[in-house]
Amino acid sequence: MSEKNLKVEIGQLLKEAHLYPNVRGYVFLRDAIYAKLLNPTLNCTGCLRMVADEHGTNAKNVNSLMRHALRIIINNNGLAVLNKKFNVECFTSHDAIRVYMFICLVAEFVEEKIERSA
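Before going into details, it helps to say that this report is about the structure given with it. (Residues numbered from 1 in each chain as written. Predicted model: local features only at pLDDT ≥ 70, side-chain atom pairs only at ≥ 80, totals over all residues. Heavy atoms only, no water.)

### Some remarks on helix α3 (residues 44-55)
- For α3, spanning 12 residues, the distance from its first C-alpha to its last is 17 Å, which sits close to the expected 16 Å at 1.5 Å a residue.
- The complete set of buried residues in α3 reads Cys-47, Leu-48, Val-51 and Ala-52. Across the axial projection of α3, the buried residues extend over an arc of 125°, all falling on one side. Exposed residues pointing more than 90 degrees away from the buried face of α3 are listed as Arg-49 and Asp-53.
- Residues of α3 that are buried in the fold lie against α2 (26-38), α4 (59-75) and α6 (99-117). (Helix = DSSP H or I, 4+ residues; strand = E, 2+ residues; numbered from the N terminus. Expected span 1.5 Å × (residues − 1). Buried < 20%, exposed > 50% of the residue type's maximum accessible area, 1.4 Å probe, protein only. Arc of directions from axis to C-beta. Contact = heavy atoms within 4.5 Å.)

Quick look at the structure:
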């Protein structure tokens, strides 16, 4: 799958979770999920730095805006939508879910979807 198609797939998933491109942090979150798909061993710090470097900003700013985007998902009941979509209960505690955990889980589900469709 091409980079463009993969980012579109991730974007569609974020849209289903009620996060739209006009929200601050959307692009950072989408690109972090994409980076995690390309490099499954990427840790949290590496992920933040990679996205920050790609967008010419710093990791602190990226983290802050991705947390904002995740709060939007939580406030719009997007975690429940993802649970239902993937038939899981991974996205349960609204207070406990962290940005990096969210990135890893979504990347894993996107990867599984790609493998099934191949």
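What follows picks up the thread again.
### Some thoughts on helix α5 (residues 78-86)
- Turning to α5, its buried residues are Gly-78, Leu-79, Leu-82, Asn-83 and Phe-86. Seen along its axis, α5 keeps its buried residues to an arc of 145°; they face one direction.
- Those residues of α5 that are buried lie in contact with α1 (3-16), α4 and α6.
- At the C-terminal side of α5, Asn-87 shows a positive phi close to 55°.

### So, the nonpolar core
- Residues Leu-14, Leu-29, Ile-33, Met-66, Ile-73 and Phe-102 are the most contacted members of the largest nonpolar core, which totals 39 residues.
- Listed by contribution, the elements that provide at least two residues to this core are α1, α2, α3, α4, α5 and α6.
- Beyond its immediate chain neighbours, meaning those up to four positions away, Ile-73 contacts Leu-14, Ala-17, Leu-19, Leu-29, Gly-78, Leu-79 and Phe-102. (Core = buried A, V, L, I, M, F, W, Y, C linked by side-chain atoms within 4.5 Å.)

### Concerning the state of the cysteines
- Enumeration according to the criterion identifies zero disulfides in this entry.
- Distance from the sulfur of Cys-104, which forms no disulfide, to the nearest cysteine sulfur (Cys-47) is 7.5 Å.
- Under the relative-accessibility criterion, Cys-104 is labelled partly exposed at 23%. (Disulfide = S-S within 2.5 Å.)

### Considerations on unusual backbone geometry
- Even without being glycine, His-18 reaches a positive phi, approximately 70°.
- Within the secondary structure layout, His-18 lies in the loop between α1 and α2.
- Exposure remark for His-18: the relative accessible area of 26% places this residue in the partly exposed category.
- One non-glycine residue, Asn-77, lies in positive phi territory at about 65°.
- Among the secondary structure elements, Asn-77 is positioned in the loop between α4 and α5.
- Judged by its relative accessible area of 44%, Asn-77 falls in the partly exposed class.

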